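# Architecture at a glance
Here is how the chains run, residue by residue.
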2 protein chains.
Amino acid sequence: MKSNVKNSELKSVRRYLYEKGLKHSLKRHTIAELFFREDKHLSIEELYDKVKKIDPDISFSTVYRALRLFERAGLAVSRRFIDGITKFEPVHPKEHHDHLICVRCGKIIEFKSKKIEDLQKEIARAYKFELLNHRLELYGYCNKCRRGPVNRKP
Amino acid sequence: MKSNVKNSELKSVRRYLYEKGLKHSLKRHTIAELFFREDKHLSIEELYDKVKKIDPDISFSTVYRALRLFERAGLAVSRRFIDGITKFEPVHPKEHHDHLICVRCGKIIEFKSKKIEDLQKEIARAYKFELLNHRLELYGYCNKCRRGPVNRKP
DNA sequence: GCTATTTTTGACATTGCTTTTCATTTTCAA
DNA sequence: TTGAAAATGAAAAGCAATGTCAAAAATAGC
């Protein structure tokens, strides 16, 4: 396996496991490596597919449990999209973007805003939160759907 | 039924139905009245409970379908929380708040930020979106959990 | 390096919410 | 009033997430 891995996060996993008296298995390590190398959010299924290629003996359950573990350790965040699928994301992705979502046609546009991120940090500070991640979704009509309505279910 | 109802939204429902060649039933009207009177997000179940008190002959399915209809009409937004329950919210609630969520203990704090809302409008404008609603969630450790870890699943 | 103890794992079952189905009823336009 | 199209209720199906439990693997203590 290549070594372009986020070692700091792998260490955090180890530390968390140690603090909780949990064990550090090879499989968990494989999952962690693949997960924290990723930058974008991944469903359990998607990560499972990647994991299988490295070690086919790792089951879906294990991937699922590992992700929930990372989440409890504060190293991952889960979110559920409209399609009903839960996706996980490392807490410090290299690049974070937010979403504009059209409620008519379902189109999704990604955007970034430094200003909004700064305001979020300010708010977190005010409430004494240690900010790990965030989720911002703007819902509305896209340019097309404002005029001639388009239906997702025609 | 009292008349402190958001008539503009009821009219929008009618217009949408007309545009789509759909029919306007009394039951749908009852559901709409109760829904748009609400200010906060409601699960299907919660709205169904309210509806039953007015007209016990309205089924869960009908409430479900009405909410999805409002959504397609751009009058409601649905979101799924971590507990797996989908909640719906009128597109223009009188008062909108966002959430700070502790990833360890699950605590949720509500907050409001005029500045962030303004920035959101700016972004929507840049992408030619007609903004209806938004969802902003900040994830992190709350004040307590930053120090002594607290587990949701001990 | 062993062994005992505890955690992890895999496969499958179960759960719980959401969505669809279909026969029946209601709406609406002509 | 009547017929075609849509809405409805009840129940079933769908589906992702989560729980179960026996077997396997990982540490700690020797």
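Residues numbered from 1 in each chain as written. Chains lettered and ligands numbered in written order. Predicted model: local features only at pLDDT ≥ 70, side-chain atom pairs only at ≥ 80, totals over all residues. Heavy atoms only, no water.

### Focus: the sheet that holds strand E3 (residues 86–90) of chain B
Residue and element names in this part refer to chain B. Applied cut-off: Strand pairing requires that DSSP identify at least two bridges connecting the strands. We count a stretch as a helix when DSSP gives it H or I for four or more residues in a row; a strand needs E for two or more, and each element gets its number in order from the N terminus.
An order of E1-E3-E2 is seen for the three strands of this open sheet, with the pairing classed as antiparallel. Where the open sheet ends on each side, the last strands, each with one partner, are strand E1 (42–43) and strand E2 (76–80). Taken together, the two bridges between E1 and E3 define a ladder with antiparallel strand orientation. Across the sheet, the residue bridging to Leu42 is Phe88, located in E3.

### A short note on the protein's contact with DNA strand C
The condition is simple: Any residue with a heavy atom positioned within 4 Å of a molecule or strand is treated as near that molecule or strand. Contacts described as polar in this section are N or O atom pairs within 3.5 Å, which, within protein, must combine one atom able to donate a hydrogen with one able to accept it, while residues neighboring in sequence count only if both atoms come from side chains. For this classification, the nonpolar set comprises Ala, Val, Leu, Ile, Met, Phe, Trp, Tyr, Cys and Pro, the charged set comprises Asp, Glu, Lys and Arg, and every other residue, Gly included, is treated as polar.
Around DNA strand C sit 24 residues, and of these Lys23, Arg28, Asp57 and Thr62 of chain A together with Arg68 of chain B come closest. At 2.5 Å from a phosphate oxygen of DNA strand C is found a side-chain nitrogen or oxygen belonging to Ser25 of chain A. In terms of residue count, helix H4 (residues 60–72) of chain B provides more of the surface near DNA strand C than any other element does, four residues in total. Among the residues forming the surface near DNA strand C, the class breakdown is six nonpolar, eight polar and ten charged.

### As for the confidence of the model for chain A
Residue and element names in this part refer to chain A. Convention followed: pLDDT runs from 0 to 100 and stands for how confident the predictor is about each residue. Should any heavy atoms of two residues lie within 4.5 Å, those residues are counted as being in contact.
Looking at chain A as a whole, its pLDDT mean stands at 80, while 84% of the residues score no less than 70. Looking across chain A, the model is least confident in helix H1 (residues 7–20), with a mean pLDDT of 74, and most confident in helix H5 (residues 114–126), with 93. Considering only residues more than four positions removed or in separate chains, one finds that residues 149–154, a stretch of pLDDT under 50, has 14 contacts.

### A few points about helix H5 (residues 114–126) of chain B
Rule in force here: Each residue after the first adds 1.5 Å to the expected span of a helix. Any residue under 20% of the maximum accessible area for its type is buried, any over 50% is exposed, and the rest in between are partly exposed; the area is computed with a 1.4 Å probe on protein chains only. It is the directions from the helix axis to the C-beta atoms whose arc is reported.
The end-to-end C-alpha distance of H5 of chain B is 19 Å, a good match for the 18 Å that 13 residues give at a rise of 1.5 Å each. Among the residues of H5 of chain B, Ile116, Leu119, Gln120, Ile123 and Ala124 of chain B are the ones counted as buried. Taken end-on, H5 of chain B shows its buried residues confined to a sector of 140°, consistent with a single buried face. Looking at H5 of chain B, the residues exposed on the side facing more than 90 degrees away from the buried face are Lys114, Lys115 and Arg125 of chain B. In the core, the buried residues of H5 of chain B are packed alongside strand E4 (98–102), strand E5 (108–111), H5 and strand E6 (130–141) of chain A together with strand E6 (130–141) of chain B. Positive backbone phi, approximately 55°, marks Lys128 of chain B, located one or two places after H5 of chain B.

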